[in-house]
Amino acid sequence: MNFGHVAHDYTRCRQLDRVPPPATLPFLDLSEHWAKMTRAATATEPVPGRAAGQENWLRRAFRGLFTFPAAILAILVAKAFWTCRDRIADTDLWWHLRNAQYILAHRSFPTTDTYSFTAAGSPWIDHSWLSEVIYYSAYRTLGLRGVFVIFTLAIATLTIVTFFLCMKRTRDPFAAGVMTILGGLLAMVGFTPRAQNFGWLCFVAVFAILLRFRSAREAPLWLIPPLFWLWMSCHAGWPMGIVLFAIMLLSGLIKNDIGQLAADPWRVSDLKKLAVTAGLSVAALFINPFGWRLVLYPFDVLLRQKLNVALGDEWASVNFNDSRGVFVIIMLAVVFATALLPRKQWRIDDVILTAFVLYCGLSHIRFLVLTGIVLPPILVNQIGNMSSYNPAHERRIVNAIIITVVAVMLIAGFPTQQVLDTQVSVLFPVGAVSFLNSHPQKGNIFNQYEWGGFLEWNLPQVPTFIDSRTDIFEYKGVLRDYFAISTFNDSQKLLDKYKITFIVYPTHTPLAYFLANNARWEQIYQDNQAIIYRRLDSVAGHS
């Protein structure tokens with residue numbers, strides 16, 4: 001497609017301002033942008049034989065909706081949909097569902113561990129209770145398809161807002177779409193049905209408000225404290241919002257340009273507004289069911305959960321040898337190219353934000369979501385136009401075809417329960433759970449870390465050895481012992497220590513081979529996903 005001539009006459013989009021601009025989040029404030037795109041509509045020629053104000057509303061709707069930006073947006077939504085469609089299985093989902101089930105059944109929050117036997121009774125903070133209730137309500141209504149709908153809506157909203165933030169800094173929808181896709185490829189690492197999805201929605205909302213205030217000195221700052229409260233209730237990642245706020249506030253204290261970097265100092269009145277907003281935002285964090293303990297939890301992760309951070313896959317640094325690393329290299333190349341050959345002067349706060357999100361994303365892959373949100377609107381401003389799009393020359397028929405094809409694909413591609421169940425069976429021991437339901441085993445279980453939540457949801461009568469909540473298991477030393485057992489560091493001695501009588505673990509793993517060649521264990525079940533071993537000797541005799 002030749003994007004240089006992709007649009008046909010945009011006039012007659014709305015007659016005499018009678019077609020409203022598209023609904024958007026209020027803090028994005030795209031009214032000016034939409035007005036520029038539709039200004040030609042107010043000067044349309046009347047249809048012969050018909051008063052100008054009587055133009056057919058279908059025609060006006062067609063011309064107002066089927067624009068090139070709308071077609072790009074439809075493609076972005078489709079990209080988000082197909083990404084989510086193949087990522088419904090997540091290790092955390094199951095214990096999140098069980099937490100929400102408890103909350104709604106007891107009208108109270110779980111405060112101690114009741115799912116495992118290794119950390120039973122240990123104090124525990126449910127730091128994602130609101131996200132859990134949302135996912136569980138969807139699951140109770142539509143099963144896994146309900147979870148898919150909520151998950152997809154969250155990721156699609158994140159994508160849409162990122163695109164609109166890009167559109168605020170460029171006149172080229174194609175450039176905005178390209179940068180949004182690049183950001184989405186980075187952020188895919190976090191695209192599973194997890195509580196942090198709602199946290200990232202809060203982040204992008206705060207980011208949008210601050211960007212609006214930075215550019216116009218007017219924005220609904222009063223929304224930020226409630227957003228931090230909401231964020232606190234959904235996920236413990238809210239410190240990233242505090243860092244974002246601090247960078248943008250402190251950057252505005254620099255009054256003069258630094259070399260080629262442009263300063264944009266705050267006025268005294270701006271600083272007062274930001275200071276009040278910051279104070280109220282911090283205060284809002286303490287309005288939660290667990291008080292100061294929940295506020296301190298993110299710092300507890302960094303300071304006390306060192307084994308979790310050191311060994312958890314999502315806390316690892318970027319591996320440049322896999323596909324994710326390729327996307328990071330592409331984004332780094334764009335950053336360096338725009339830095340060496342800038343089309344526009346870089347802002348001081350944009351430079352600091354770019355450095356911060358790149359450091360976070362390169363250090364821990366879980367924060368590539370942060371990188372994928374912040375970089376697109378910054379880099380699109382530096383890249384400039386990638387097409388010669390002109391809203392006065394829209395090709396609405398082509399746009400309508402694109403949007404229609406996307407809509408048909410979304411409807412036809414909506415996953416069935418069988419499709420989602422198949423994804424679950426690929427990652428979790430569905431057959432082993434069925435076997436244990438029909439052949440209950442006595443005593444303590446040793447299970448794979450990633451399967452803990454699935455077992456807790458589907459075998460609630462069997463206390464697990466460990467699950468992916470991680471925190472309490474590290475505090476109790478269970479996480480350390482789990483890795484020791486899995487890597488043959490006194491495995492049998494530790495299995496005796498915890499009085500393990502049966503083991504559910506992936507097939508074709510070193511531990512499975514160890515058990516297969518150990519006369520003290522017998523295999524009682526096996527499929528392509530999982531294997532179950534039962535102890536033959538007496539636990540008491542070896543404990």
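A. Just the overall build of the chain, in detail. For the chain, the helix and strand inventory stands at 24 helices and 4 strands. Counting every position in the chain, which comprises 543 residues, the buried fraction comes to 55%. Relative to all contacts within the chain whose residues are 6 or more apart in sequence, the contacts with residues 24 or more apart total 74%.

B. Looking closely at the sheet that holds strand β1 (residues 444–447). Spatial strand order, β1-β2-β4-β3: 4 strands in an open sheet with mixed pairing. Of all the strands in the sheet, just β1 and β3 (521–526) have a single pairing partner and so form its edges. Taken over all neighbouring pairs, the strand axes of this sheet differ in orientation by 25° on average, direction set aside. In this structure, strand β2 (residues 500–506) lies alongside strand β4 (residues 530–535), joined through 5 bridges in antiparallel fashion. Along β4, the bridge assignment pairs V504 with I532. Helix α22 (residues 478–486) contacts β1 and β2 of the sheet and is inclined by roughly 70° relative to β1.

C. Representation of the packing of aromatic side chains in the model. Counted according to the given criterion, the structure contains 30 aromatic pairs. Taking the centre distance of 5.8 Å and the plane angle of 25° together, the rings of F228 and W231 count as stacked. With F228 and W231 both in helix α9 (residues 224–234) and 3 residues apart, this pair spans about one turn of that helix. In this structure, F228 and W231 share a single accessibility class: buried. Here the aromatic cluster, defined as three or more aromatic residues joined through ring pairs, consists of F117, F446, Y449, F465, Y482, F483, Y498 and Y505. Above the plane of the ring of Y475 lies R304, whose end atom (NZ or CZ) is 4.0 Å from the centre.

D. Spotlight on the pattern of salt bridges. For the structure on display, the rule yields 23 salt bridges. The salt bridge involving R366 is made with E314; its shortest N-O contact spans 3.0 Å. Of the two residues, R366 is situated in the loop between α15 (348–363) and α16 (368–383) and E314 in the loop between α13 (306–311) and α14 (323–340); the sequence distance between them amounts to 52 residues. Classification of R366 as buried rests on a relative accessible area of 13%. R535 serves as the salt-bridge partner of D496, at 2.8 Å between the closest nitrogen and oxygen. Remark: R535 occurs in strand β4 and D496 occurs in helix α23 (residues 491–497); sequence separation between them is 39 residues. Residues D496 and R535 agree in their burial class; the two are buried. Sharing partners across several salt bridges, the network here consists of R169, R214, R217, D264, R267, D270, R347, D349 and D350.

E. Structural context of unusual backbone geometry. One non-glycine residue, R107, lies in positive phi territory at about 55°. Turning to its location among the elements, R107 is positioned in the loop between α4 (93–106) and α5 (129–142). Accessibility expressed as a relative area gives 69% for R107, which makes it exposed. Non-glycine residue H508 carries a positive phi angle of around 60°. For H508, the position within the fold is in the loop between β2 and α24 (510–516).

F. Region of interest: the side chain of S116. The topology assignment puts S116 in the loop between α4 and α5. Under the relative-accessibility criterion, S116 is labelled buried at 3%. Polar contacts involving the side chain of S116 include one to the side chain of D113, which spans 2.5 Å. Of the polar contacts made by the side chain of S116, one reaches the backbone nitrogen of A119; its length is 3.1 Å. Ignoring any residue separated from it by four or fewer positions in sequence, one finds S116 in contact with P463, T464, F465 and F473.

G. A look at the pairing of β2. Within β2, 7 of the 7 residues are buried, which leaves it mostly tucked inside the rest of the structure. Judged from the 4 bridges that link them, β1 and β2 form a sheet pairing that is parallel. Looking at the pairing, N444 lines up with I500 of β2.

H. Representation of the nonpolar core. Among the nonpolar cores identified, the biggest contains 127 residues, and W94, M179, F203, F207 and L210 are the most heavily contacted of them. The residues contacting F207, other than those within four sequence positions of it, are L165, L244, L353, I373, V374 and P377. Listed in part, the 26 residues of the second largest apolar core include A119, I466, F473 and L479.

I. A nonpolar patch on the surface, seen in detail. On the surface, a cluster of nonpolar side chains totalling about 750 Å² of accessible area is made up of V282, F286, W292, L296, F299, L302 and L303. As for its placement among the helices and strands, L296 is situated in helix α12 (residues 292–303).

J. Spatial organisation of the environment of L261. Summarising the element assignment, L261 is placed in the loop between α10 (239–251) and α11 (268–285). Given the relative accessible area of 26%, L261 is considered partly exposed. Considering only alpha carbons, one finds L261 and Q345, 84 residues apart in sequence, at a separation of 6.5 Å. If we ignore the near neighbours within four places in the chain, the residues touching L261 are Q345, W346, I348 and V351.

K. Examining the pairing of β4 more closely. Of all 6 residues making up β4, 5 are buried, and the element is well covered by its neighbours. In terms of strand pairing, β3 meets β4 through 5 bridges, oriented antiparallel. Along β4, the bridge assignment pairs Y525 with I532. Connecting β3 to the antiparallel partner β4 that follows it, the hairpin turn spans 3 residues.

L. Main features of helix α8 (residues 196–216). Over its 21 residues, α8 runs 30 Å from end to end, which matches the ideal 30 Å to within 8%, given 1.5 Å per residue. Counting buried residues in α8 gives 19 out of 21 residues, a clear majority hidden from the surface. Following α8 by one or two positions, R217 adopts a phi angle in the positive range, close to 60°.

Cut-offs used in this document
- Residues numbered from 1 in each chain as written.
- Predicted model: local features only at pLDDT ≥ 70, side-chain atom pairs only at ≥ 80, totals over all residues.
- Heavy atoms only, no water.
- Helix = DSSP H or I, 4+ residues; strand = E, 2+ residues; numbered from the N terminus.
- Buried < 20%, exposed > 50% of the residue type's maximum accessible area, 1.4 Å probe, protein only.
- Contact = heavy atoms within 4.5 Å.
- Pairing = 2+ DSSP bridges.
- Axes fitted to C-alpha atoms, helices over the stretch in contact; angles between N-to-C directions.
- Phe/Tyr/Trp six-rings, centres within 6.5 Å; stacked < 30°, edge-to-face > 60°.
- Lys NZ or Arg CZ within 6 Å of the ring centre and 35° of its normal.
- Salt bridge = Lys/Arg side-chain N within 4 Å of Asp/Glu carboxyl O.
- Polar contact = N/O pair within 3.5 Å; in protein donor to acceptor, adjacent residues only side chain to side chain.
- Core = buried A, V, L, I, M, F, W, Y, C linked by side-chain atoms within 4.5 Å.
- Patch = residues over 30% accessible without salt bridge, like charges linked within 9 Å, V, L, I, M, F, W, Y side chains within 5 Å.
- Areas by Shrake-Rupley, 256 points an atom, 1.4 Å probe, with all protein chains shown as cover.
- Expected span 1.5 Å × (residues − 1).

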